[in-house]
Amino acid sequence: MAVEYQPKIVGFLCNWCSYAGADLAGTSRICYPPNIRIIRVPCSGRVDPLLVVKSFQQGADGVLIAGCHPGDCHYSEGNYYARRRLALLHTFLEYIGIEKERFQIQWVSASEGKRWAHVVSSFTEGLARLGPRETTLHKETV
Amino acid sequence: MDFSEEIRSKAKELLESGTVDCIIGYERATDGVVARPLFVYQPSNVDRLIFDQTCAHNLTKYLLNRKDKATAIVVKPCDSRAINLLINESQIQRDKVSIIGVVCPGIVKAGLDNTSGELQDACLTCQQHTPVLYDFLVGEPASEPDVPDAYPDVSGMEDKSAGERRAFWEEQFSRCIRCYACRQVCPGCYCLECFVERLDPMWVGIRIAPGENEVWNTIRAFHLAGRCIDCNECERVCPVNIPLSLLNRKLGKEVEELFNFQAGIDAETPMPFSTFDKEEKLGISE
Amino acid sequence: MSEFISKQDLLTWLGQLMGERNLVAPTRVDDLLLFRKVDRVEDIVFDFDNTTMSPKEWFYPSSETLFYVEQKDGQTELIPAAIEKETAIFGIRPCDAQGMAMNDYPFLEEPADALYMQHRDKTALIGLACITACPECFCTSMGCGPHDPANVDILLTEVTDGYIAQVLTDKGKTLLPDNLLTTADVSSPPAPVLSEVPSDGIAEKMRQAFDEPFWDRLADRCIHCNICSYVCPTCYCFDVRDYTDKERIERVRSWESCQSPGFTRLAGGHDPRSTKGSRLRQRFSHKLLYFPRQFGALGCIGCGRCVRACPVNIDIREIIKDVQQLGVKSEA
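These numbers come from a predicted model, not from an experiment. (Residues numbered from 1 in each chain as written. Chains lettered and ligands numbered in written order. Predicted model: local features only at pLDDT ≥ 70, side-chain atom pairs only at ≥ 80, totals over all residues.)

K.L.:
Quick one: what's the story with the interface of chain B and chain A, residue by residue and with numbers?
P.N.:
Between chain B and chain A, the contact holds 31 residues from the first and 28 residues from the second. Listing elements by their share of the side of chain B that touches chain A, those giving two or more residues are helix H4 (152–159), helix H5 (162–175), helix H7 (210–223) and helix H9 (245–259) of chain B. Of the residues forming the side of chain B that touches chain A, the biggest block, seven residues, is contributed by H7(B). Residues that form the side of chain B that touches chain A fall into these classes: 19 nonpolar, four polar and eight charged. (Contact = placed C-beta atoms within 7 Å. Helix = DSSP H or I, 4+ residues; strand = E, 2+ residues; numbered from the N terminus. Nonpolar A, V, L, I, M, F, W, Y, C, P; charged D, E, K, R; others polar.)

Here is the structure:
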């Protein structure tokens, strides 16, 4: 029996809004695909593009970054920096051959449990349609 | 173009008056054709200095080895942008540097002599033939040519399909030998501990392999986003001819379009990634 | 009279070799010339000066796994890496073959490096004598020569319509079938004349020059990248790291260079070669003083790659000339 392709997604969620929102989805028993592996960060502004590129190099098929809505950052400004940095990263990833559908940035607040589930579901479905990331770059040499 | 005489007389003046301890300029290399950096400490040595269209190197990185010493430096317009960057980022003090700026018509292709007239690709889209800052100017400023498309190389890459781009970069990154010449020559790369040297956590590690090479080259380019002054040294020194400028200039083009910013034009404008605009919309999650 | 192989027969033979083993030959990669494994005879470049990277990467790869440690059913198993397939390197120049002979000193001295030894044992060298020389070549001053048959299994010298073939070792004899060779009345073309570099007595001069400010002045322009060490056929410093992933540990050895800042930084923070001049002096001292003192031969084989590749024209030929002159006339 063929195993259906399951995309591997790495999620960077800010502690104060998005992670809490994901928790709310969980406590509200809202189902969403389990493909996402969540990494909690203090703020979306902490997400270094290095973390994203490294996730792809290690075999992730998609990377999702979620933070507080602009204006609502727990640290006041972190997500403003993130917005600039990650907007540029999105274009850059596409330029080096990582399709833009594989990288998403979403603002998800602590009260948006349902929205979180929707974000993850549609991201996962899109990646499943896209297929695994075809690259020779994370094969061992030597 | 040959400004060797003017450079020599200015260098002699600065050393003899004690204004500086050292001039960083250029001399002829051992093949008799290309140029190489030269550090002159004695007025009697100034006759080794040259300046012509073979002087490709960006010498500003050397200023970071002489932070507390009065130094004069010969700069082309692209190099002068690096000085603005370093002042803006508090890496050098303006009053310690005597800048001998040169009006530059372009540098010839690698290996060619001064008379060849064949400019290197990077110089063909140059829009700044007069240095942006200097204490002494060599050469006559002329009006800037109209360059309708400043990024044809980047647009060419953007026009390729995703699959073509992926294949292209996979091939390029598998050639990288991680010599770090690109980093060492770059005036914007001055971290005391580079992310690639960090071994705990080991972001990249020591393995020389295509996947790791991809992380190295793309993140180095990203660390220069909004900071790269487009001198093209990284690409020029790469021993395996990886077109690194295609990475840096893509980011430069995007930063210019998104934030109306070009690195190194002055030393005061806040850098785009150390500031923000609350109201801006950048196409994320709207 | 010499043993001769026609160009056509050479191509046939190389095609045969490709079937039985890895055939590594100079090939175009974009606008570079590199030694790569080839699958088609058409990809081999015959008319060239020398490659950008030396063939040392086929004996001592830029990254190599030394062993794996795996856990299966509660048992921990150490699996050393092993070189399985035979390789033949076609088109290696006499200087680079000399370079491999130099690498044998540190790598094969007891206890021998297991992986290097396997690479060496399983690799045959089909040398190509130099008809022309690069402007930067100076092998004749460093104990070698453009037609030097030492250190290869077979040496081919290009003549009209084919090559003079010297089969020098038993390995070479097994590799090249007799039926492809004929006897012909051809003689070798004269070897190209290279510029002289005054290498006589350089080791002693280097020892005397140890404390000279010459090194700091030279290092002013050095950017301390790794290019010279990585293109060099005889540089062999490396670092070793363990990579862990899902119940498997992999120990990897990768190239390093003594030129990098921090190469000699020790636990506790002390760095005996913290200055640019001391690092630069180390590289040339190793090639021209320590290696000859330890092993009896110069560490530099005069291929000129570092001269071509150095972004700031640190030129070992100029350094040898300058060091010979230090103390002879007083510096300005």
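K.L.:
Break down the environment of Ile92(C) for me, citing the residues and quoting the values.
P.N.:
Residues and elements named next belong to chain C. By secondary structure assignment, the location of Ile92 is in strand S6 (residues 87–92). With 30 C-beta atoms counted inside 10 Å, the residue Ile92 sits in the buried group. Through-space distance from the C-alpha of Ile92 to that of Pro177 is 20 Å; in sequence the pair is 85 residues apart. (Buried ≥ 20, exposed ≤ 12 C-beta atoms within 10 Å, placed from the backbone.)

K.L.:
Give me the confidence of the model for chain B: which residues, what numbers.
P.N.:
Per-residue confidence for chain B averages 94 on the pLDDT scale, and 100% of its residues sit at or above 70. Of all secondary-structure elements in chain B, the lowest mean pLDDT belongs to helix H3 (residues 121–124) of chain B, at 92, while strand S2 (residues 35–40) of chain B reaches the highest, 98. (pLDDT = per-residue confidence, 0-100.)

K.L.:
An account of the domain arrangement of chain B is requested, with residue identities and associated values reported.
P.N.:
Put simply, an interface is often sized by how much accessible area is lost when its parts join up. Residue and element names in this part refer to chain B. Under the domain assignment, chain B is made up of domain 1 (15–138) and domain 2 (152–269). Using C-alpha coordinates to define each centre, domain 1 is positioned 23 Å away from domain 2. Top element by residues in the side of domain 1 that touches domain 2 is helix H2 (residues 77–88). It accounts for nine residues. (Domains from an automatic or database assignment.)

K.L.:
Just give me the short version of unusual backbone geometry, but keep the residues and values in it.
P.N.:
Both trends apply: most residues other than glycine have a negative phi, and most peptide bonds are in trans. Cis geometry is found at the peptide bond from Asp200(B) to Pro201(B), where omega equals 0 degrees. Tracing the backbone through its elements, the reader meets Pro201(B) in the loop between helix H6 (181–185) and H7. Omega for the peptide link from Glu110(C) to Pro111(C) comes to -10 degrees, which places this bond in the cis form. The residue Pro111(C) is located in the loop between helix H2 (94–108) and helix H3 (114–121) in this model. If you check the backbone angles, Arg178(B) has positive phi at about 55 degrees while not being a glycine.

K.L.:
Help me get a handle on the environment of Pro152(B), residues and values and all.
P.N.:
Examined against the element boundaries, Pro152(B) turns out to sit in helix H4. Measuring from C-alpha to C-alpha, the distance between Pro152(B) and Asp47(B) comes to 40 Å, with 105 residues separating the pair along the chain.

K.L.:
Explain the nonpolar core to me, using residue names and the numbers behind them.
P.N.:
In a soluble, globular protein the nonpolar side chains are often hidden away together inside. Of all hydrophobic cores here, the largest spans 208 residues; its most connected members are Ile73(B), Val74(B) and Ala181(B). A total of eight residues in this core trace back to one element, the largest contributor, which is helix H3 (residues 78–95) of chain A. (Core = buried A, V, L, I, M, F, W, Y, C linked by C-beta atoms within 7 Å.)

K.L.:
Let's hear about the sheet that holds S2(B): which residues, and what values?
P.N.:
All names here are of chain B. Strand order in the open sheet formed by five strands is S2-S1-S3-S4-S5, and the pairing between neighbours is mixed. The sheet is open, and its two edges are formed by S2 and strand S5 (136–138), each paired on a single side. Between one strand axis and the next, the sheet turns through 25 degrees on average, direction left out of account. Where strand S4 (residues 97–102) meets S5, three bridges bridge the pair, whose relative direction is parallel. The residue of S5 that forms the bridge with Gly101 is Leu137. On top of the sheet, helix H1 (residues 4–16) reaches strand S1 (22–28), S2, strand S3 (71–75), S4 and S5; it is set at about 155 degrees to S1, its chief contact. Lying over the sheet, H2 contacts S3 and S4, oriented at roughly 155 degrees with respect to S4. (Pairing = 2+ DSSP bridges. Axes fitted to C-alpha atoms, helices over the stretch in contact; angles between N-to-C directions.)

K.L.:
Residue-level account of H7(B), with values.
P.N.:
The first and last C-alpha atoms of H7(B) sit 20 Å apart over 14 residues, in line with the 20 Å expected at 1.5 Å per residue. For H7(B), the buried fraction is high: 14 of the 14 residues fall into the buried class. (Expected span 1.5 Å × (residues − 1).)

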